[in-house]
Amino acid sequence: MSAYSRAYQGLVKGGMKPSEAARVLADLRQETGTELGAALRAHADEQYAPTAKDSRAIHRRKKAQRGAMCRGADWIAAAAAGPSTTIPAQRTTGSTT
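What comes next concerns the included structure. (Residues numbered from 1 in each chain as written. Predicted model: local features only at pLDDT ≥ 70, side-chain atom pairs only at ≥ 80, totals over all residues. Heavy atoms only, no water.)

1. Structural notes on the pattern of salt bridges
Side-chain pairing between opposite charges can occur once the charged atoms of the two side chains come close.
Next up, step 1: Under the counting rule described, the total for this entry stands at four salt bridges.
Next up, step 2: Where R23 meets D27, a salt bridge forms, and the shortest distance between an N and an O atom there is 3.5 Å. Highlighted residues: R23 and D27, both in helix α2 (residues 18-47), separated by four residues, approximately one helical turn.
Next up, step 3: Between D45 and R66 there is a salt bridge whose closest N-O contact spans 2.6 Å. In this pair, D45 sits in helix α2 while R66 sits in helix α3 (residues 56-80), placing the two residues 21 residues apart along the sequence. (Salt bridge = Lys/Arg side-chain N within 4 Å of Asp/Glu carboxyl O. Helix = DSSP H or I, 4+ residues; strand = E, 2+ residues; numbered from the N terminus.)

2. Some thoughts on the environment of A38
Next up, step 1: Take A38: it is sitting in helix α2.
Next up, step 2: Here A38 falls in the partly exposed class, since its relative accessible area comes to 45%.
Next up, step 3: Placed 35 residues apart in sequence, A38 and A73 show a C-alpha to C-alpha distance of 7.1 Å. (Buried < 20%, exposed > 50% of the residue type's maximum accessible area, 1.4 Å probe, protein only.)

Structure representation (structure tokens):
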């Protein structure tokens, strides 16, 4: 049974608090994002691995493409982690209008 099904059944049948179900689903989302990001990085390493016959220009191009894919993987992991739990301080403009 997937974590989604366990959380749903726990909420419907009782026995699981909503906050506990939310924590389970948030952990699952974060774990999925981390795994997806790692898989994307592994694919980038495989796809853009330099070969002995690459020229310097091809090597630079592969390095740039790999970097772009790794930045995407980092973004996926960060997005799956969820929104920031800290609230930024409110700015006082000094205006009384």
